[in-house]
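Coordinate analysis (summary)
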Amino acid sequence: NAGVTQTPKFQVLKTGQSMTLQCAQDMNHNSMYWYRQDPGMGLRLIYYSASEGTTDKGEVPNGYNVSRLNKREFSLRLESAAPSQTSVYFCASRAIAGANTDTQYFGPGTRLTVL
Amino acid sequence: QKEVEQNSGPLSVPEGAIASLNCTYSDRGSQSFFWYRQYSGKSPELIMSIYSNGDKEDGRFTAQLNKASQYVSLLIRDSQPSDSATYLCATKGANNLFFGTGTRLTVIP
């Protein structure tokens with residue numbers, strides 16, 4: 001049981017390049033989230049998916065797209081990376097039934113640098 | 001106004017002392033509150049949740065909630081060097097969590 005996994009762990013991009021951050025969870029959770037964490041800004045929600053087949057914008061969605069590929073996987077895509085997207089990206093998941101429905105479980109993060 | 005405000009610190013306490021971390025929130029309708037711990041270079045992990053006014057204890061950790069004053073705090077008793085981390089306060093929104101910027105705690109041996 002790996003929990004929430006993210007790939008890659010580190011990435012360096014040049015301005016204008018594209019890439020997809022991958023996230024998968026094996027806890028059979030319905031809800032999944034993408035956050036970015038910047039110094040002094042805390043964790044900010046980019047997009048979330050309440051259930052398979054649905055996605056919604058969070059606080060800072062501009063410059064990103066997401067895909068809820070299936071119940072396990074939720075990917076984040078940067079179509080044209082900008083230096084302002086340099087950040088640490090965390091994926092999280094949450095159960096919506098049973099115990100601990102308020103607990104979000106976080107992946108290890110992806111450290112992205114855009115030059 | 002941010003949903004959740006925290007003193008960014010840093011906060012330093014000697015080993016064995018009580019560390020007190022504070023958080024205020026703006027939405028008077030908030031019902032659920034959480035404390036996450038984040039070690040440097042790692043992801044956040046939930047350590048406490050609290051939903052009712054008053055205190056909730058779990059081992060060395062005590063969460064305190066005062067809805068009238070819109071603040072929530074975390075007390076760490078008998079602080080250990082392993083408690084050195086950033087502590088994030090969060091409240092539950094309609095579909096996600098709103099996080100504060102975190103308070104960095106250092107426990108000095």
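See the structure shown above.
Model, not experiment: these values are computed from the prediction. (Residues numbered from 1 in each chain as written. Chains lettered and ligands numbered in written order. Predicted model: local features only at pLDDT ≥ 70, side-chain atom pairs only at ≥ 80, totals over all residues. Heavy atoms only, no water.)

Comments concerning the sheet that holds strand β8 (residues 71-76) of chain B
All names here are of chain B. Put simply, the rule reads: Each pair of strands is called paired provided DSSP finds at least two bridges between the two strands. A run of H or I in DSSP counts as a helix once it spans at least four residues, and a run of E counts as a strand once it spans at least two, with each numbered from the N terminus. Interaxial angles span 0 to 180 degrees and are taken between N-to-C directions of axes, which are lines fitted to C-alpha atoms, for helices over the stretch in contact.
Strand order in the open sheet formed by five strands is β1-β3-β8-β7-β6, and the pairing between neighbours is antiparallel. Each having just a single partner strand, β1 (4-6) and β6 (54-58) make up the two edges of the open sheet. The mean angle between the axes of side-by-side strands here comes to 20 degrees, regardless of whether they run parallel or antiparallel. As defined by bridge partners, strand β7 (residues 61-66) adjoins β8 across six bridges and the pair is classed as antiparallel. Of the residues in β8, the one forming a bridge with Ala 63 is Leu 74.

Digging into the nonpolar core
Side chains of a nonpolar character, in soluble globular proteins, are inclined to be buried together. All names here are of chain B. For the record, the criterion: Working definition of a nonpolar core: buried Ala, Val, Leu, Ile, Met, Phe, Trp, Tyr and Cys residues. They are joined through side-chain atoms within 4.5 Å. Relative accessibility thresholds used throughout: buried, under 20% of the residue-type maximum; exposed, over 50%; partly exposed, between the two (1.4 Å probe, protein chains only). By definition in these notes, contact holds between two residues if any of their heavy atoms fall within 4.5 Å.
Grouped together as the largest cluster of nonpolar side chains are 22 residues, with contacts concentrated most on Trp 35, Val 72, Leu 74, Ile 76 and Tyr 87. Only β3 (19-25), β4 (33-38), β5 (45-50), β7, β8, β9 (85-92) and β11 (103-108) provide two or more residues apiece to this core. The element contributing the most residues to this core is β3, with four residues. Each residue touching Tyr 87, except ones within four places of it in the same chain, is listed here: Gln 6, Leu 21, Trp 35, Tyr 36, Arg 37, Ile 47, Leu 74, Ile 76, Gly 102, Thr 103 and Leu 105.

Some points on the pattern of salt bridges
The condition is simple: Take a side-chain nitrogen of Lys or Arg and a carboxyl oxygen of Asp or Glu: if they are within 4 Å of each other, that pair is a salt bridge.
Enumeration according to the criterion identifies six salt bridges over all chains in this entry. In this structure, Glu 57 of chain B and Arg 77 of chain B form a salt bridge, with 3.5 Å as the shortest nitrogen-oxygen distance. One end of the pair, Glu 57 of chain B, is in strand β6; the other, Arg 77 of chain B, is in the loop between β8 and β9, and 20 residues separate them in sequence. Glu 57 of chain B gets classed as exposed once you look at its relative accessible area, which sits at 60%. Classification of Arg 77 of chain B by relative accessible area gives partly exposed; the value is 28%. One network of salt bridges, in which partners are shared, links Arg 36, Asp 38 and Arg 44 of chain A.

Observations concerning the state of the cysteines
Going by this rule: What counts as a disulfide here is a pair of cysteine sulfur atoms lying within 2.5 Å.
A full pass over the atoms with the stated rule returns two disulfides over all chains. Note on cysteine connectivity: Cys 23 of chain A is disulfide-linked to Cys 91 of chain A, with sulfurs 1.9 Å apart. For the disulfide bridge between Cys 23 of chain A and Cys 91 of chain A, the dihedral angle about the S-S bond is near -70 degrees, and by the sign convention the bridge is left-handed. On the criterion of sequence distance, the pair formed by Cys 23 of chain A in strand β3 (residues 19-25) and Cys 91 of chain A in strand β9 (residues 87-94) is long-range, its members being 68 residues apart. The disulfide partner of Cys 23 of chain B is Cys 89 of chain B, and the S-S distance across this bridge is 2.1 Å. Where Cys 23 of chain B bonds to Cys 89 of chain B through sulfur, the torsion about that S-S bond is close to -70 degrees, and the disulfide is left-handed. On the criterion of sequence distance, the pair formed by Cys 23 of chain B in strand β3 and Cys 89 of chain B in strand β9 is long-range, its members being 66 residues apart. Taking relative accessible area as the criterion, Cys 23 of chain B reaches 2% and is therefore assigned buried. Here Cys 89 of chain B falls in the buried class, since its relative accessible area comes to 0%.

Read these as spatial facts, not as claims about activity.
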